[in-house]
Amino acid sequence: MKVAIFSGSVYGTAEEVARHAANILKTAGFETFHNPRASLADVQAFGPQAFLAVTSTTGMGELPDNLQPLYFAIRDQLPAAWRGLPGAVIGLGDASYGDTFCGGGELMRELFGELGIREVLPMLRLDASESVTPETDAEPWLAELVTALRG
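It should be emphasised that the depicted structure is a prediction, and the values quoted were computed from it without experimental measurement.

A. View of the overall build of the chain. Looking only at helices and strands, the chain features six helices and six strands. Walking the chain from its N terminus toward its C terminus, one meets helices and strands in the order β-α-β-α-β-α-β-α-β-β-α-α. Dimensions along the principal axes, computed over C-alpha positions, put the chain at roughly 40 × 35 × 25 Å. When the accessible surface of the chain is summed, it comes to about 7,200 Å², and 50% of that surface belongs to carbon and sulfur atoms.

B. The packing of aromatic side chains, seen in detail. Tallying each qualifying case throughout the model produces six aromatic pairs. An angle of 50 degrees between the planes, with centres 4.7 Å apart, marks the rings of F51 and W82 as tilted. A residue pair is termed long-range when its members are at least 10 positions apart, and F51 in strand β3 (residues 50-55) and W82 in the loop between α3 (68-77) and β4 (86-93) qualify at 31 residues. The class of F51 is buried, set by a relative accessible area of 2%.

C. Structural context of helix α6 (residues 139-150). Look at α6: 17 Å from first C-alpha to last across twelve residues, which is about the 16 Å you get at 1.5 Å a residue. For α6, the complete set of buried residues consists of W141, L142, L145, V146 and L149. Buried residues along α6 cover an arc of 150 degrees about the axis, so they all sit on one side. The exposed residues of α6 that point more than 90 degrees off its buried face are P140, T147 and R150. On the buried face of α6, the contacting elements are β1 (2-8), α1 (13-27), β3, β4 and β6 (124-127).

D. Region of the structure containing the environment of G61. Topologically, G61 is positioned in the loop between β3 and α3. Here the alpha-carbon distance between G61 and G105, two residues 44 residues apart in the chain, equals 8.9 Å. Beyond its immediate sequence surroundings of up to four residues, G61 is in contact with T100, G103, G104 and L107.

E. Here's a closer look at the packing of α3 against helix α4 (residues 103-115). One way to put it is that α3 packs onto α4 with a least axis distance of 10 Å and a crossing angle of 25 degrees. The orientation of α3 relative to α4 falls into the category roughly parallel. Considering only the axes of α3 and α4, their crossing is left-handed. Side by side, α3 and α4 meet where Y71, I74 and R75 of the first sit next to L107, M108, L111, E114 and L115 of the second. Residues belonging to the contact of α3 with α4 are distributed by class as follows: six nonpolar, no polar and two charged.

F. Examining the side chain of T55 more closely. By the element assignment, T55 lies in strand β3. Accessibility expressed as a relative area gives 0% for T55, which makes it buried. Once residues within four sequence positions are removed from consideration, T55 is found in contact with G8, A14, L63, P64, L67, I90, G91, L92, G104, G105 and M108.

G. Structural context of the pattern of salt bridges. Summed over the entire model, instances satisfying the criterion amount to five salt bridges. Measuring nitrogen to oxygen at the nearest pair gives 2.6 Å for the salt bridge that ties R109 to E119. Here R109, found in helix α4, pairs with E119, found in strand β5 (residues 118-119); they are ten residues apart in sequence, far enough to count as distant. Residue E119 is classed as partly exposed on the basis of its relative accessible area, which comes to 39%. One network of salt bridges, in which partners are shared, links E106, R109, E119 and R125.

Calculation rules
- Residues numbered from 1 in each chain as written.
- Predicted model: local features only at pLDDT ≥ 70, side-chain atom pairs only at ≥ 80, totals over all residues.
- Heavy atoms only, no water.
- Helix = DSSP H or I, 4+ residues; strand = E, 2+ residues; numbered from the N terminus.
- Areas by Shrake-Rupley, 256 points an atom, 1.4 Å probe, with all protein chains shown as cover.
- Phe/Tyr/Trp six-rings, centres within 6.5 Å; stacked < 30°, edge-to-face > 60°.
- Buried < 20%, exposed > 50% of the residue type's maximum accessible area, 1.4 Å probe, protein only.
- Expected span 1.5 Å × (residues − 1).
- Arc of directions from axis to C-beta.
- Contact = heavy atoms within 4.5 Å.
- Axes fitted to C-alpha atoms, helices over the stretch in contact; angles between N-to-C directions.
- Parallel < 35°, antiparallel > 145°, perpendicular 65-115°, else oblique.
- Left-handed = near helix turned anticlockwise from the far one by under 90°.
- Nonpolar A, V, L, I, M, F, W, Y, C, P; charged D, E, K, R; others polar.
- Salt bridge = Lys/Arg side-chain N within 4 Å of Asp/Glu carboxyl O.

Below is the structure:
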């Protein structure tokens, strides 16, 4: 199965989690595509069969700048070929921000919903105020994702 990984990062943490996820998925036998600067054409050329979004949150619950061009391109086109495919989201944030905690992840969940992508696991919320090693903290959830994608 081919898994496209989208990542949005300000300081590199979400990108690190996305790279770690790609390695775990590859080890589990999946083919992955992860390019933090990917265009919609790049993703479509890969021919994804599943999706993982890993994003931090900026400002008042927005997506990081590097993910916005891809996000808006997908929203504008809503590729019909992706309807029904499995997907999941890892949101990074800081719970001290209250209502906007993991807002970037919520935006990706909403986009996946608009696309008709099936959410195979509830969004993993990684709290910067609690997590020193988010990539390690994501491992149990990623193991569940591997199982869900195989099923």
